[in-house]
Structures are given as structure tokens and as C-alpha cells.
Amino acid sequence: MSANRVSPGALAGGPWFEDLEVGQVELGAPGLTLTDGHAAAHQAITGDRLALALDAHLSRDVVGDGDARLAHPALVWDVAIGQSTLLTQRVIANLFYRGLAFRRLPAIGDTLRTRTEVVGLRQTSRRDGRAARGLAALRITTVDQQSRGVLDFWRCAMLPLRDPTAETGRDDDLERLAGSAATGPLDAAVAGWRLGALREAIDAPGFEALVSGASWAVEGGDVVSAAPELARLTLNVAVAHHDRARAGGDGRRLVYGGHTIAIAAAQAARTLPTLATIVAWHDCTHLAPVFEGDTLRSRLELEGREPLSSGGGLAHLRSRVRAIGEDGDERDVLDWRFVAVLA
């Protein structure tokens, strides 16, 4: 049943933790056709410099998909996460993502549709002075207009209980249910790409220059702005990202987790200019909240490299992100391990 169906006169809002059931499926989010407008707005907010998402001619040379231009992978995963939020409109925080893998990399003009399933529920331990909370593990699968698989991953959200003193007895092992590292042929989504064309177009060191154990400190930070605009763009209906009065806390606007990840991806693309796309996440953990106005800085580490027979290769990377608040407060906010394709 859709999370948005309500009785006449009822308060229209998302489910509480105790309303969710394992096996519940949400299909109510509208499909979204990716347009040049979506791409431009997303790029303006995140500041990304991924060449294939910016240069239509180069995208055609590399991807070879007719006149279509590659949609930025961060735009795609941000929409998929946003479409999954009908079940988590009351979210307090997103704790982690696991095993995200692209089955196909969409182009501008493709339409994304997302299925969200509750696969596990666990009530957290009670603390004095804090209302009861619970964790929901969600399996998220996204397809395109031809029902071709696009994304498959798990997300874990923290939700409040309607009854702040309730004990639900739900105690699933969410780490086990939510899988771990991305598996399968991680280069399948880029099969047939002519990475040599990207290598010729970009005057910068490529995959062959990567040295095991390399790391890079991204010197220039990025301020987090237009947080509600990105949430709206990607169909994210979580109240915490829109309505400060109902979100609680100290009045600062909590930033959508995908916003933080997209900025980390933008900093990775600045660091490695021959980065063609991102095909998978092994895991992604939010260590602390990010608020609008924070400045994000990251450190990028190379954890492994896999050459591709067609040239270029897969770089297994880890991005550790720190936020600097407007008051100077610093905190670690993201630990993201992902797989990028480099020419």
C-alpha cells in the first residue's frame, strides 16, 4: 500500500516506524524523466566537473549512444534516493547505504522509476530524555522506461515512533540484511565505451598514472547551498530537509545525504579529471549531520585498481569528508567507498 494514501480528514504525512512492515513495498513515487534542466540545476548546486555529463559531443564519442548525453551518476542516484523517501518522510537521519551498483547508466531523456521495499526493522535502545526511535532497512531498485535495471542498493533510515514510549520488539540484523560491498562485473555498465576518446580529450594523467596507496587532500572546500532546491529537484519529501519547524533540532536545515555525497563526487572528479563515471558504491556511512551553510572538504584514497582490457580501469576509492560549520565547528561527516572508471 502506498505510504501516501490517507483517509479523508487525516493528517497527510509519512509512516511512523511502527507503521512499517517487513515486505512492505512502495511504488507510489512518480517517475522522473531526466532533462537538460535537471542536469543543469544539479550541476549548479553540486559544482561537478564530470566531463561526459557536461560535454555532449565527448559523451557521444565515448558512450556511443546515438545523440544521447550521459546523465551524471550522482543525479541518477539522487533521484532514486529521493523517490524512495515516501516511506521515510519522517526521517531523523540516514545511517548508511550498501552495495549500490549501476546495471545501466542512463542518458538525458531516460525516465527513472523506483521500487522501495522494507527488508528489516530494528528498534534502537532507549535513552533517557529521548523518544523511541527505530531503524528501517530498505531495498531500492530503479528501472528506466523500458524496465531495464538501472540501480540496486540498500538504505538504512532512522525514524521516530508515534508512541514515544512504545516497545515494538523489532530486532532484525540490519547489517546482514543490507549486504555489504558491491558485487558482480562492476564494469558491465560501461561495456563498449571508448575510453580512449576521453583520454585523448583530457590533458591530465589517466588510470595508468595511479599508484597503489595514493591519496589526495582536496584543498578547496565547497559550501553547501540550495539544500531544499536539490531535495525538491530529486523528489525527496523528507520533512527534515524542507520544514525546519517540524524537523526539530536547533533550527538549522538538515542536508539531504545525497547532497553531501554528490559534492564528494564532484571533488573526486576535480582531483581525477579522466574520471569517466562512477559505477558502484561498496558502502557509504553518514558519520554526522551536514547542515546548509557548512563547507565540505574531502580526502581521497586509492584502495585498489583493476585495469580493463579495453583500456583505462576501475579505481576503488575512499572519500572521507569533513564539514566546517559557519561557527568554525569541524566534524567528520561521510565515509564513502566507491568504484570509479578512469580513462
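To start, this report covers the structure provided alongside it. (Residues numbered from 1 in each chain as written. Predicted model: local features only at pLDDT ≥ 70, side-chain atom pairs only at ≥ 80, totals over all residues. Heavy atoms only, no water.)

A look at the overall build of the protein chain
If you tally the helices and strands in the protein chain, you get nine helices and twelve strands. In terms of overall size, the protein chain behaves like a compact globule, its C-alpha atoms giving a radius of gyration of 20 Å where 343 residues would be expected to give roughly 20 Å. On the principal axes, the C-alpha backbone points of the protein chain span a range of 60 × 45 × 35 Å. Every one of the 343 residues in the protein chain was classed for burial, and the buried ones make up 54%. Once local pairs closer than 6 in sequence are excluded, the contacts in the protein chain between residues at least 24 apart make up 78%. With the model as given, the accessible surface of the protein chain reaches about 14500 Å², and the carbon-plus-sulfur share is 48%. (Helix = DSSP H or I, 4+ residues; strand = E, 2+ residues; numbered from the N terminus. Rg over C-alpha atoms; globule rule 2.2 N^0.38 Å. Buried < 20%, exposed > 50% of the residue type's maximum accessible area, 1.4 Å probe, protein only. Contact = heavy atoms within 4.5 Å. Areas by Shrake-Rupley, 256 points an atom, 1.4 Å probe, with all protein chains shown as cover.)

Details of the pairing of strand S10 (residues 295–307)
Each regular strand displays side chains that alternate between the two surfaces of the sheet. As defined by bridge partners, strand S7 (residues 215–217) adjoins S10 across three bridges and the pair is classed as antiparallel. Note on S10: the bridge partner recorded for Ser215 is Glu301. As judged from the two bridges shared by strand S8 (residues 222–223) and S10, these two strands associate in the antiparallel manner. Each residue of the ladder has a partner; that of Val223, found in S10, is Thr295. Direction of pairing for S10 relative to strand S11 (residues 313–324): antiparallel, over a ladder of twelve bridges. Its bridge partner being in S11, Leu302 is matched across the sheet by Leu317. Count of turn residues in the S10/S11 antiparallel hairpin: five residues, of which Gly311 carries a positive phi of about 105 degrees. (Pairing = 2+ DSSP bridges.)

Comments concerning unusual backbone geometry
Residues other than glycine seldom take positive phi values, yet Ser147 does so here, at roughly 60 degrees. Of note, Ser147 is situated in the loop between strand S5 (133–143) and strand S6 (149–160). A positive phi angle is found at Ala226, which is not glycine, with a value near 55 degrees. Secondary-structure assignment places Ala226 in the loop between S8 and helix H7 (227–233). For Ala226, a relative accessible area of 23% translates into the label partly exposed.

Some details on the pattern of salt bridges
Pairing is possible between side chains of opposite charge, provided their charged atoms come close. Considering all chains together, one arrives at 22 salt bridges under this definition. Where Arg318 meets Glu303, a salt bridge forms, and the shortest distance between an N and an O atom there is 3.7 Å. Taken together, the residues span a long stretch of sequence, with Arg318 in strand S11 and Glu303 in strand S10 at a distance of 15 residues. The salt bridge partner of Asp335 is Arg318, with a shortest N-O separation of 2.6 Å. Taken together, the residues span a long stretch of sequence, with Asp335 in strand S12 (residues 330–342) and Arg318 in strand S11 at a distance of 17 residues. Comparing Asp335 with Arg318 shows no difference in burial state: the two are buried. It is possible to trace a salt-bridge network through shared partners that takes in Asp283, Glu303, Arg318, Asp335 and Arg337. (Salt bridge = Lys/Arg side-chain N within 4 Å of Asp/Glu carboxyl O.)

Regarding the packing of aromatic side chains
Across all of its chains, the model carries six aromatic pairs by this definition. Geometrically, the ring pair formed by Tyr97 and Trp281 is edge-to-face, given 5.5 Å between the ring centres and 85 degrees between the ring planes. Remark: Trp281 occurs in strand S9 (residues 275–286) and Tyr97 occurs in strand S3 (residues 93–102); sequence separation between them is 184 residues. Residue Tyr97 shares its accessibility class with Trp281, and that shared class is buried. Among the aromatic side chains, those forming a connected cluster through ring pairs are Trp77, Tyr97, Phe102, Trp281, Trp336 and Phe338. In this structure, Arg98 is placed above the aromatic ring of Phe96, and the distance from its NZ or CZ to the ring centre is 4.0 Å. In this structure, Arg252 is placed above the aromatic ring of Phe291, and the distance from its NZ or CZ to the ring centre is 3.8 Å. (Phe/Tyr/Trp six-rings, centres within 6.5 Å; stacked < 30°, edge-to-face > 60°. Lys NZ or Arg CZ within 6 Å of the ring centre and 35° of its normal.)

A look at the nonpolar core
Trp77, Trp193, Trp281 and Trp336 are the most contacted members of the largest nonpolar core, which has 95 residues in total. For this core, the leading source of residues is S12, giving eight residues. Those residues in contact with Trp336 that lie beyond four places of it in its chain are Trp77, Ile261, Ala264, Ala265, Ile278, Trp281, Asp283, Cys284, Leu317, Arg318 and Ser319. Grouped together as the second largest cluster of nonpolar side chains are eight residues, Leu135, Trp154, Cys156 and Met158 included. (Core = buried A, V, L, I, M, F, W, Y, C linked by side-chain atoms within 4.5 Å.)

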